[in-house]
Amino acid sequence: MASEKSTSKGQAWFCTTGLPSDIEIEVDDMTFHLHKFPLMSKSRKLHRLITEQETRSSSSMALITVIDPKVEETDKKGKGHEIEDDKEEEEVEEQEIEENGYPHIKLEDFPGSSESFEMVAKFCYGVKMDLSASTVVPLRCAAEHLEMTEEYSPDNLISKTERFLSHSVYKSLRESIKALKACESVSPLAGSLGITEQCIDSIVSRASSADPSLFGWPVNDGGGRGNISATDLQLIPGGAAKSRKKPSRDSNMELWFEDLTQLSLPIFKTVILSMRSGDLSSDIIESCLICYAKKHIPGILRSNRKPPSSSSTAVSENEQRELLETITSNLPLDKSSISSTTRFLFGLLRTATILNAAETCRDLLERKIGSQLERATLDDLLVPSYSYLNETLYDVDLVERILGHFLDTLEQSNTAIVEVDGKSPSLMLVGKLIDGFLAEIASDANLKSDKFYNLAISLPDQARLYDDGLYRAVDVYLKAHPWVSEAEREKICGVMDCQKLTLEACTHAAQNERLPLRAVVQVLFFEQLQLRHAIAGTLLAAQSPSTSQSTEPRPSAAIRNLTITEEDGDEAEGERQVDAGKWKKTVRENQVLRLDMDTMRTRVHRLERECSNMKKVIAKIDKEGSSPATTTDRPRSWSITKKFGCKFKTQVCDSHEATMVDHRSRRS
């Protein structure tokens, strides 16, 4: 058999058996020049069509022979064009028979197009075929359309294709997905034959045996190719040797999710619904949805924002919105065990905001993110404000809503693992994350003090082991908003607990000219307390060994001479000298600490006197009515800094570490 080009009717397909063709079958743009007997012996429908056309052709030829041409012409003129319209198709067929010498049949709406009919023709002629999961489905539908049943002819095409589907397709996960993809082109007939349903059932049952820890990779891809003999059908082009090759573990571990992404949205949605009704693992369902969304929704991940390739079809905005809402509505609501899901969910949320998706869609994504907020990063939280109603650079309201969902989930679960001082590890991670977000948005000039304050106090006290990160955010905000009033500055500084500042943070805050006077006094007070506790702890540690030494009874010299040797006596003497050296060092350290404490006490007293004097001056000025009180806010802080001669070095404090690291070389 061969295929050759024809200038008049597109493509033509000939059977090179040496015998002249006696029938033409037209399917789409391909004309097949075949023989009647092989087709009629396998297909009941082709037998019927060929027989009917031959009957019409023979009767028409006999009628033309009997009737006189003049009488026929007179009758046609009398009856008009009505007879011509009724017999138009018969005249066309007769004309083609006269031109070609054999009948011509055109198959309308043939399932699987001309490629499927070519395989049907090969089967009728007894030629071996290369079958795969992608070609067997349209071939099965074509066999059904042509009525190639067992009752009409034994060992017919319907039974062979059904056997191939059962033995080679339904037993493999990936082959079932490919067959399901092929069902899209013949969806009505494939659905009525039950092929679509059986492929979906096979996918769900095979996927249920996958290992969720492998991100949904199948453990066993059903490597068996069935028990069909080589004389029956051959698998996949490349020969039987290739089909008998045992699949390696690497091939079995391939992404079958990639095969699912080739499905159309309606078919894919049906698969997901079947997975959910089949109690499949939520991690596998979520992995399927993630992979499908990454394939069809561009720009979900910031690291993978590439222009679409020329081979990929352009997706309209409405189609993307429909796909996104479908993906979101089918996401499992429980917390995912896949750590990378959180970044993907933030990408979906950004895309949903851009596409103006339904409010329910965005709310579901926010709740899903809130259930696993401790896995997010600072980069995830920095979602730009896409609405013209928001004046800030980043969407602060969105983060506040997500944080609310996280706290609600934490309160409802009551199963958080407590490890550090009665604190939840996930809550402390979120606390550190929010402090970093506050420090990032604090430099936004359009950020209102109420938004900053409300987000800072949203977390409970247990979320922060230290308030150094919060102090850093407050410092950045006050630096970026020098115009805020004294009352607003005191309100903003009220979000941090001075008792939870480390000694380094207290030292920095005591010299910070941007903090209000009340905050500085509180910081100095608690700094003094910390020094006092440190000195008391050092004294207790130093006194404990001396007390034990004084209470321990010492043996007499005679007993020592009897029980220890001279070398042991030398070692004991050396130990006593070491203890004496440690004691002297501890005493010196205590003296230094006492001196520092006295110095700090003197500084506090001086600051209190300065504060008292300023209050008197302010009261006097208020009485005289010379100037508003607000004009003295800034000079007061400057007088304090000039009084103590403070020099400022910027240090960034971590809210969960008792250390501070340099962030900028110099604060302006």
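Now for a quick tour of the structure. Since this is a predicted model, take the numbers as computed values, not measurements.

Some remarks on the pattern of salt bridges
This structure, assessed with the given rule, holds 23 salt bridges. The shortest N-O distance in the salt bridge between D155 and K160 comes to 3.2 Å. Connected through shared salt-bridge partners, R140, E144 and E162 make up one network.

Some thoughts on helix α17 (residues 317-329)
Taking 1.5 Å per residue as the helical rise, α17 with its 13 residues ought to reach 18 Å, and the 18 Å between its terminal C-alpha atoms agrees with that figure. Buried within α17 we find Q320, R321, L323, L324, T326, I327 and T328. Where the residues of α17 are buried, they touch α15 (265-277), α16 (282-296), α18 (341-354) and α19 (359-370).

Side note on the pairing of strand β4 (residues 30-34)
The buried count for β4 comes to five of five residues, which makes it a mostly enclosed element. The side-chain alternation of β4 yields two buried faces, one formed by M30, F32 and L34 and the other by T31 and H33. Bridge analysis of strand β3 (residues 23-27) against β4 gives five bridges, and the strand direction is antiparallel. Of the residues in β4, the one forming a bridge with V27 is M30. Counting the residues in the hairpin turn of β3 and β4 gives two residues, including D28, whose phi is positive at 55°.

Comments concerning unusual backbone geometry
Even without a glycine there, the phi angle at D28 is positive, about 55°. When you line up the elements, D28 lands in the loop between β3 and β4. Residue classification places D28 among the partly exposed positions, given a relative accessible area of 47%. Although it is not a glycine, S113 sits at a positive phi angle of roughly 60°.

Some thoughts on the pairing of β3
Where burial is concerned, most of β3 is hidden: five out of the five residues are buried. On β3, burial covers both faces: I23, I25 and V27 on one face and E24 and E26 on the other are all buried.

Description of the packing of helix α21 (residues 396-413) against helix α23 (residues 449-456)
Orientation of α21 relative to α23, taken along the N-to-C sense of each, is 20°, at an axis distance of 11 Å. With respect to each other, α21 and α23 are oriented roughly parallel. As α21 packs across α23, the resulting crossing turns out to be left-handed. Across the interface between the two elements, V396, D397, E400 and L403 of α21 pack against K451, N454 and L455 of α23. Of the residues that constitute the contact of α21 with α23, the class distribution is three nonpolar, one polar and three charged.

Focus on the environment of D497
Among the structural elements, D497 can be located in the loop between α25 (486-493) and α26 (503-510). According to the relative accessible area criterion, D497 is partly exposed, its value standing at 32%. Spatially, the C-alpha atoms of D497 and L470 are 9.2 Å apart, while their sequence positions differ by 27 residues. There is a polar contact of 3.1 Å between the side chain of D497 and the backbone nitrogen of Q499.

Parameters and conventions
Residues numbered from 1 in each chain as written. Predicted model: local features only at pLDDT ≥ 70, side-chain atom pairs only at ≥ 80, totals over all residues. Heavy atoms only, no water. Salt bridge = Lys/Arg side-chain N within 4 Å of Asp/Glu carboxyl O. Helix = DSSP H or I, 4+ residues; strand = E, 2+ residues; numbered from the N terminus. Expected span 1.5 Å × (residues − 1). Buried < 20%, exposed > 50% of the residue type's maximum accessible area, 1.4 Å probe, protein only. Contact = heavy atoms within 4.5 Å. Pairing = 2+ DSSP bridges. Axes fitted to C-alpha atoms, helices over the stretch in contact; angles between N-to-C directions. Parallel < 35°, antiparallel > 145°, perpendicular 65-115°, else oblique. Left-handed = near helix turned anticlockwise from the far one by under 90°. Nonpolar A, V, L, I, M, F, W, Y, C, P; charged D, E, K, R; others polar. Polar contact = N/O pair within 3.5 Å; in protein donor to acceptor, adjacent residues only side chain to side chain.

Treat this as a map of the structure, not an account of what it does.
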